Amino acid sequence: MSKQRVLTGITTTGTPHLGNYVGAIRPAVVASRDESVQSFFFLADYHALIKCQDPELVRQSSKEIAATWLALGLDTENAMFYRQSDISEIPELTWILCCNAAKGLMNRAHAYKAAVQANEEAGEDPDFGVTMGLFSYPVLMAADILMFNAGQIPVGRDQIQHVEMARDIAQRFNHNFADVFTLPEAVLEDDVAVLQGLDGRKMSKSYNNTIPLFGSAKQLRKAINKIKTNLLEPGEPKDADDSAVFQIWAAFASADQVAEMRREFENGIAWGEAKKRLFELIDAELSAPRERYQALMDDPGHIEQVLQQGAERAREHSAQLLSKVREAVGISPIS
Ligand code: TRP
């Protein structure tokens, strides 16, 4: 039996932060080494164009995300690691799927509906500022998934609907033409750690409360010092469960270290001291990858080469699948 295929995309907008690391990158790097599954990880740069019309940002983010994943030890021999835009079969498949995806289904997509609702509330035309890219976003995502016959798609809650749409589109295609697509399933990553940000809310670029993953050690220390705390003095017992400092500690520490820090909180550790230890803990985990990251950022040719090799491997699958799909819909040499 062939291996289970697990696939996930990373939209290339923004610079990776600690929340991305704990929630997505660290578990993915572990998964990349698992020889019992075939994982596919890719830079979703065509998806980035939906949200971001700044070419420099898209370019820079692709470079930073690729360097980050490689620096953290992604196993690119075992897992597939590639850039969406290098797989020309993906946009080709997107078009064919567009011709099989009901517009009514896309009308129900959350991202599109949210944009329409915001327009209505602002008294604008419902489609003001809505591009075909935003509207068709779930079809592109379906092509990413169906292209590689991936069965399992680990996603956050906000993406489940898109995976269900991919499944719907695949089912319809299989029924109308030929049984070419595996029906994908969303695997809800509910147990993945959601890291708190500087203000105690979920760490997220949109809240502007992030700690960059690969800033310098000095920047890391500075950011940690900005984590919100209360006014309790040294010696006064502190509530660990109500503290972002503790919560971030728990994402990096061993079980013993977590228990110990909990006692320290009960014993009234000073905020400054807790933050100092937090910095040391995180820095110990990140300092070696940070150096590799810097070396990679200084050697973009190497990153590009790894991506090209990944694309070459991925295209062995996508070229075959696309030719089946073309054949199924009647696009083939005249004979
Ligand atoms: N849209 C996803 C996000 O914003 C990223 C993504 C693109 C993706 N293609 C995918 C995730 C395919 C899973 C499978 O998070």
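Residues numbered from 1 in each chain as written. Predicted model: local features only at pLDDT ≥ 70, side-chain atom pairs only at ≥ 80, totals over all residues. Heavy atoms only, no water.

Visitor: Looking at this model, I keep getting lost on the domain arrangement of the protein. Mind explaining?
Guide: Accessible area lost on assembly of the parts is the figure often given for the size of an interface. Here the domain parsing of the protein yields domain 1 (4-194 + 300-329) and domain 2 (214-295). Its C-alpha centre places domain 1 at a distance of 34 Å from the equivalent point of domain 2. The partner domain 2 presents 10 residues to the 10 residues of domain 1 that form the contact. Both faces combined, the contact of domain 1 with domain 2 buries some 890 Å², and carbon together with sulfur accounts for 61% of it. At the surface where domain 1 touches domain 2, the tally comes to one salt bridge. (Domains from an automatic or database assignment. Contact = heavy atoms within 4.5 Å. Buried area = accessible area lost by both parts, 1.4 Å probe. Salt bridge = Lys/Arg side-chain N within 4 Å of Asp/Glu carboxyl O.)

Visitor: Explanation requested: the packing of helix α4 (residues 89-98) against helix α13 (residues 300-329) in the structure shown.
Guide: What describes two packed helices is the angle between their axes and the distance between those same axes. Where α4 contacts α13, the two axes come as close as 10 Å, and the packing angle between them is 25 degrees. In terms of orientation, α4 lies roughly parallel with respect to α13. The crossing of α4 and α13 is left-handed. On the side of α4, the interface is formed by E89, E92, L93 and I96, while α13 contributes R315, S318, A319, L322, V325, R326 and V329. Here the residues of the contact of α4 with α13 sort into six nonpolar, one polar and four charged. (Axes fitted to C-alpha atoms, helices over the stretch in contact; angles between N-to-C directions. Helix = DSSP H or I, 4+ residues; strand = E, 2+ residues; numbered from the N terminus. Parallel < 35°, antiparallel > 145°, perpendicular 65-115°, else oblique. Left-handed = near helix turned anticlockwise from the far one by under 90°. Nonpolar A, V, L, I, M, F, W, Y, C, P; charged D, E, K, R; others polar.)

Visitor: Where do I start with unusual backbone geometry in this structure?
Guide: What is expected of a backbone is that most residues other than glycine have negative phi and most peptide bonds are trans. For N149, which is not glycine, the phi dihedral falls at a positive 50 degrees. Within the chain, N208 stands out as a residue other than glycine whose phi angle is a positive 55 degrees. Considering the arrangement of structural elements, one finds N208 in the loop between β5 (185-188) and α9 (217-225).

Visitor: Looking at this structure, I do not really get the packing of aromatic side chains. What am I missing?
Guide: Working definition: an aromatic ring pair is given by the centre-to-centre distance plus the angle between the planes. Tallied over the full model, the rule gives 12 aromatic pairs. Aromatic side chains Y21 and F252 sit 6.0 Å apart centroid to centroid with 20 degrees between the ring planes, which places their arrangement in the stacked category. Residue Y21 is found in helix α1 (residues 18-32), and its partner F252 is found in helix α10 (residues 244-252); the two are separated by 231 residues along the sequence. Neither Y21 nor F252 differs from the other in exposure class; each is buried. Taking 5.4 Å as the distance between ring centres and 15 degrees as the angle between the ring planes, the aromatic pair formed by F42 and Y82 counts as stacked. Linking F42 in strand β2 (residues 37-44) with Y82 in strand β3 (residues 80-83), this pair joins segments that are 40 residues apart in sequence. (Phe/Tyr/Trp six-rings, centres within 6.5 Å; stacked < 30°, edge-to-face > 60°. Buried < 20%, exposed > 50% of the residue type's maximum accessible area, 1.4 Å probe, protein only.)

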